[in-house]
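Architecture and fold: a report
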Amino acid sequence: MRPGDIYEEVKDLEHLRTKVLGRPLLITEDTASTNDDAKLLADENLLGHGAVLLSRTQSRGKGRLGRRWASPRGGVFMSIILQPDLPPAQVPGLSLAVGYSVARALRESFDLDAKIKWPNDVLVSGRKICGVLCEMKAEQDRVHYVVAGIGVNANLRPDDFPPEVKDTATSLAAELGHNVDQDLVVASILNYFEPVYEEYVQRGLTDLAGHITSVAAYLGERVVVHNRTLGPGSQGPEAARLHATGSVSPQIVSTETGQEGVFVGIDESGRLLLDMDGVTKAFDVGDVSLRSV
Ligand code: ATP
Ligand code: BTN
């Protein structure tokens, strides 16, 4: 069975005001990973720019670096297919724009103090409420597509999370004390992301960087960044793709040594800026993981 077979089109999602994103919007009850489905369907040109896949649960939801994304019923699991006219090197910054749009949507539609944790998480009360995984297919100088995967813990109770995530995760229901309309979660993310995406394609992070910094977690605080480097032999397009997507690879190794400094902002290239003893150092998306001290 092809992934397209299990999805049904949702024609009139309440609250959706977009022109392009979520047109079409396809939904299923259960799949392995909406990102994997979106890549297959984009590969076969069955879906193109703006299409969104949504699943009520995922059996193999994935995060960065091959990590698992817990995807029990009650969460929102969606993937947006994008075909930006951008050089591949500019795609990594897009995940910041997605995370920023989710944070804005949760702030405006649900009155939550949502923050973006550079480069791909959204936190509320210091806990992870959403993760973003962008995967790209590209040639040297041309992007075929980007799949922007978004997992939001909407109507999840603490017991719904696996034990290893329980202490670091939260949900909309846990923060608000009541369940939310999952369609509103989907619609408000797409509503906010549509103009942000346009802005990103036109002008990169030139203006967005300041807005993103204003809702960044740990701003002005001491943080530590852990390096992730590509291991020996990982040259060429695959290494470039992994760098660009932050995607799964046994060749990516984490070093335990961290570099510590005060988080002072995000620059127009999407880099994390740390003040290290009076010297500002920039870290690229894909190179490091951020932790609060
Ligand atoms: P990084 O700073 O590198 O992004 P991270 O720990 O946030 O570090 P990610 O790859 O972004 O890592 O996210 C995957 C991690 O998120 C998993 O290893 C797990 O700890 C956590 N996680 C998995 N499912 C959920 C969920 N539904 N809600 C919150 N956190 C989750
Ligand atoms: C992360 O924090 O590492 C990113 C998590 C991304 C999860 C979403 S859920 C929808 C889409 N499908 C997946 O398999 N992953 C993304």
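Basis of the calculations
Residues numbered from 1 in each chain as written. Chains lettered and ligands numbered in written order. Predicted model: local features only at pLDDT ≥ 70, side-chain atom pairs only at ≥ 80, totals over all residues. Heavy atoms only, no water. Salt bridge = Lys/Arg side-chain N within 4 Å of Asp/Glu carboxyl O. Helix = DSSP H or I, 4+ residues; strand = E, 2+ residues; numbered from the N terminus. Buried < 20%, exposed > 50% of the residue type's maximum accessible area, 1.4 Å probe, protein only. Axes fitted to C-alpha atoms, helices over the stretch in contact; angles between N-to-C directions. Parallel < 35°, antiparallel > 145°, perpendicular 65-115°, else oblique. Left-handed = near helix turned anticlockwise from the far one by under 90°. Contact = heavy atoms within 4.5 Å. Nonpolar A, V, L, I, M, F, W, Y, C, P; charged D, E, K, R; others polar. Pairing = 2+ DSSP bridges. Right-handed = clockwise from strand over helix to strand, strands pointing away. Core = buried A, V, L, I, M, F, W, Y, C linked by side-chain atoms within 4.5 Å. Domains from an automatic or database assignment.

A look at the pattern of salt bridges
Inspection of the entire model under this criterion finds 16 salt bridges. A salt bridge links Asp 43 to Lys 137; its shortest N-O distance comes to 3.0 Å. Taken together, the positions of Asp 43 in helix 2 (residues 34–43) and Lys 137 in strand 7 (residues 127–138) put the pair 94 residues apart, joining distant regions of the chain. Judged by its relative accessible area of 37%, Asp 43 is partly exposed. When its relative accessible area of 36% is taken as the criterion, Lys 137 is described as partly exposed. Among the salt bridges present, the one from Asp 121 reaches Lys 128, with a minimum N-O distance of 3.0 Å.

Describing the packing of helix 3 (residues 92–110) against helix 6 (residues 182–203)
Two numbers describe how helix 3 lies on helix 6: the axes approach to 8 Å, and their chain directions differ by 135°. Compared by their axis directions, helix 3 and helix 6 come out oblique. In terms of crossing hand, the pair formed by helix 3 and helix 6 is right-handed. The residues of helix 6 that touch helix 3, namely those facing Gly 93, Leu 94, Ala 97, Val 98, Tyr 100, Ser 101, Val 102, Arg 104, Ala 105, Glu 108, Ser 109 and Phe 110, are Leu 184, Val 185, Ser 188, Ile 189, Tyr 192, Phe 193, Val 196, Tyr 197 and Tyr 200. Tallied by class, residues from the contact of helix 3 with helix 6 come to 15 nonpolar, four polar and two charged.

Some points on the environment of Arg 107
Within the secondary structure layout, Arg 107 lies in helix 3. A relative accessible area of 27% places Arg 107 in the partly exposed class. For the pair Arg 107 and Val 215, spaced 108 residues apart in sequence, the C-alpha separation works out to 9.9 Å. When sequence neighbours within four positions are dropped, the list of residues in contact with Arg 107 reads Leu 112, Asp 113, Ala 114, Lys 115 and Val 215.

Remarks on the pairing of strand 3 (residues 52–58)
Among the seven residues that make up strand 3, six are buried, leaving the element largely enclosed by the rest of the structure. In terms of strand pairing, strand 2 (residues 25–31) meets strand 3 through six bridges, oriented parallel. Bridged to Thr 28 within strand 3 is Ser 55. Remark: the strand 2/helix 2/strand 3 crossover connection has right-handed handedness. Across four bridges, strand 3 lies against strand 4 (residues 76–82) in antiparallel orientation.

Notes on the nonpolar core
Membership of the largest hydrophobic core comes to 71 residues, with the highest contact counts inside it found for Met 78, Ile 80, Leu 82, Ile 150, Leu 172 and Phe 193. Sort the elements by how many residues they give to this core and helix 3 lands first, with 10 residues. The residue makeup of this core includes at least three contributed by each of domain 1 (3–203) and domain 2 (222–292). The residues contacting Ile 150, other than those within four sequence positions of it, are Val 76, Phe 77, Met 78, Ile 80, Val 98, Val 102, Cys 130, Gly 131 and Ile 189. Formed by 11 residues, the second largest nonpolar core is a distinct cluster that contains Tyr 7, Ala 38, Leu 41 and Ala 51.

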